[in-house]
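The residues making up each chain are set out below.
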Amino acid sequence: MAEHSTKGKPIRCKAAVAREPGKPLVMEEVEVAAPKAQEVRIKILCTSLCFSDVTFWKLDVPPACYPRILGHESVGVVESVGDGVHEVAEGDYVLPVFVSDCGDCTDCRSEKSNQCSNFPFSISPWMRRDETSRFMDLKGEPLFHFLHVSSFSEYTVVDVVHVVKLDPEIPPNRACLLGCGVSTGFGAAWKSAKVEAGSTIAIFGLGTIGLAVAEGARLCGASRIIGVDLIPEKFEIGKQFGVTDFVNPTTCGDKPISQVIIEMTNGGADYCFECVGRASLVQEAFACCRTGWGKTIVLGVDKPGAQLTFTSHEILHSGKTLTGSLFGGIKPRSDISTLVKRYLDKELQLDEFLTHEMKFDDINKAFELLIQGKCIRCVMWMDK
């Protein structure tokens, strides 16, 4: 942790800055301001790479903005806090999360939602309360924030509504995985779909989120878990998380993938999860969930402006449900601790998601691995 003398003062540290869309991140020295009221400055221990980081790194239309410090799956230690922060203190082991949890609004007090109405989800490049940045390069120019976390920096400043205190028993390279992908997928099965024992599910895309859906469905007692992916090797990986059947769309001939799944399940899956971020796959998932009670949960992040098209007949006569699931319906301050306990109790698999570890300096290699489909999650350590 930084010396106590840094409290209330700017800190200079290393950060990986996205300066142009799709270009390698630039490792440079930046200045991180002291936290203001209701803010927390965190020393990042390690950070993992999520495909949402890749999506926004490539994006060249709004809400893209550069230069920006990406990253939103991480774990760290509180270096200092601003005025009015009572939830965490200096030295606490914490998980920054992109979904807010103020604990006071109607939505945060309800079990029906994880979308805080006081601090709604946004992709703003600024801090929550005053719409300014806490990052500056050495030329004095501001650097934009990302998803209220910006973990591709040795230090970051996060609003307290985005900070969860952790049980110190969970290792950093496991805890950081709960910052987005694993929690999103697991929560989608557990909280959003409420998968029932004996049910059949179909998962479109076996990346981290899709595999986490499988893990959640497995622990909920699903009897059949169908994975859909273009990479054959994903089936063997998926088996570790409960996937029982595998469908590769390139081997289905002229049949739509939805028709294949309808035939496999004698009428359609009880629950379908779209984990890629493609409108056409949402349509396929909805088509192959069972008439009468089938539920399709959308988890993938599509490009801005992507449209879905359904006829009135499809909605009225099918009796199906289509819903989005931000962060898997997980309420950070209450549900993250449950996931940590289930991991420590050896129920929830986290170890299997971690396929690569490397130094923070090698972050561009991590991008290459994820884009090429050669890793599930890659964790980068700040001090190694």
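In what follows, the structure referred to is the one given above.
Notes on the structure follow. Numbering of residues begins from 1 in every chain and follows the order in which that chain's sequence is written. Residue-level local features of this predicted model are given only where pLDDT is at least 70; pairs of side-chain atoms are given and counted only at 80 or more, and the full residue set underlies all totals for whole chains, interfaces and linings. Heavy atoms from the whole structure form the basis of all side-chain values; hydrogens and water molecules are not counted.

A few points about the environment of L166
By the element assignment, L166 lies in the loop between β9 (163-165) and α3 (172-175). Judged by its relative accessible area of 7%, L166 falls in the buried class. Pairs of residues are marked as contacts when any of their non-hydrogen atoms sit within 4.5 Å. Leaving out residues up to four positions away in the same chain, L166 has contacts with V75, Y93, V94, L95, A175, I336 and V340. Segments assigned H or I by DSSP are reported as helices when at least four residues long, segments assigned E as strands when at least two residues long, and all are numbered from the N terminus. Buried means the residue's accessible area, taken with a 1.4 Å probe over protein chains only, is under 20% of the maximum for its type, while exposed means over 50%, and partly exposed covers the values in between.

Here's the deal with the packing of aromatic side chains
Pairs were defined over the aromatic rings of Phe, Tyr and Trp, the Trp ring being its six-membered one, requiring ring centres within 6.5 Å. Orientation was assigned from the angle between planes: stacked under 30 degrees, edge-to-face over 60, tilted for the rest. Evaluation of the coordinates by the stated rule reveals 10 aromatic pairs. The interplanar angle of 75° and the centroid separation of 5.2 Å between the aromatic rings of W126 and F144 together place this pair among those described as edge-to-face. With W126 in the loop between α2 (106-109) and β6 (135-137) and F144 in the loop between β7 (142-143) and β8 (155-159), the pair connects residues that are 18 residues apart, well separated along the chain. With relative accessibility at 26%, the residue W126 sits in the partly exposed group. Ring geometry for F152 and F367: centres 6.3 Å apart, planes at 70°, overall edge-to-face. Of this pair, F152 sits in the loop between β7 and β8 while F367 sits in helix α11 (residues 363-371), and the two are 215 residues apart along the sequence. Looking at F367, the relative accessible area reads 3%, which means it is buried. Counting every residue linked through ring pairs, the aromatic cluster contains W57, F152 and F367. Only Lys NZ and Arg CZ are tested; either one counts as a charge over a ring when it is within 6 Å of the ring centre and within 35 degrees of the ring normal. A cation sits over an aromatic face here: K191 above W190, 5.4 Å from the ring centre. The residue whose ring lies beneath K320 is F286, and the NZ or CZ to ring-centre distance is 5.2 Å.

Looking at the layout of surface pockets
In this structure, the largest pocket encloses a volume near 970 Å³. Forming the boundary of the largest pocket are 35 residues, of which F51, G205, G207, C275 and V276 lie nearest the centre. Contributions of two or more residues to the lining of the largest pocket are made by α1 (51-58), α5 (208-220) and α11. The biggest single contributor to the lining of the largest pocket is α1, with 5 residues. Taken together, the residues of the lining of the largest pocket sort by class into 19 nonpolar, 10 polar and 6 charged. Only protein atoms enter the calculation, which uses a 1 Å grid: trapped sets of points that fit a 1.4 Å probe without letting it out are cavities, open sets showing protein on both sides within 12 Å along at least five of seven lines are pockets, and any residue with an atom within 4 Å of a point is a lining residue. Grid points are joined across faces, edges and corners, and a volume is the space filled by probe spheres set on the points. Its boundaries defined by the atoms lining it, the second largest pocket holds a volume of some 450 Å³. Together, 25 residues line the second largest pocket, and S52, F121, L299, V301 and L326 are the ones closest to its centre. For the lining of the second largest pocket, the element with the most residues is α1, which contributes 3 residues. Three classes are used: nonpolar for Ala, Val, Leu, Ile, Met, Phe, Trp, Tyr, Cys and Pro, charged for Asp, Glu, Lys and Arg, and polar for all others, with Gly counted as polar. Of the residues contributing to the lining of the second largest pocket, the split by class is 15 nonpolar, 8 polar and 2 charged.

What about the state of the cysteines?
In plain terms, two cysteine sulfur atoms within 2.5 Å form what is called a disulfide here. Scanning all chains against the criterion turns up 0 disulfides. Of all cysteine sulfurs, the one in C50 lies closest to C65, which takes part in no disulfide; the gap is 17 Å. Assessed through its relative accessible area of 16%, C65 is described here as buried. No disulfide involves C252; its nearest neighbouring cysteine sulfur is the one of C288, lying 11 Å away. The class of C252 is buried, set by a relative accessible area of 15%.

Observations concerning the sheet that holds β6
Judged by pairing direction, the sheet is antiparallel, and its 4 strands sit side by side in the order β1-β2-β6-β7 without closing on themselves. Edge positions in the sheet fall to β1 (11-17) and β7, since each of these pairs with one other strand and no more. If DSSP finds at least two bridges between two strands, the strands pair. Here β6 runs beside β7; their pairing, made up of 2 bridges, is antiparallel. Within the sheet, the bridge partner assigned to F135 lies in β7 and is L143.

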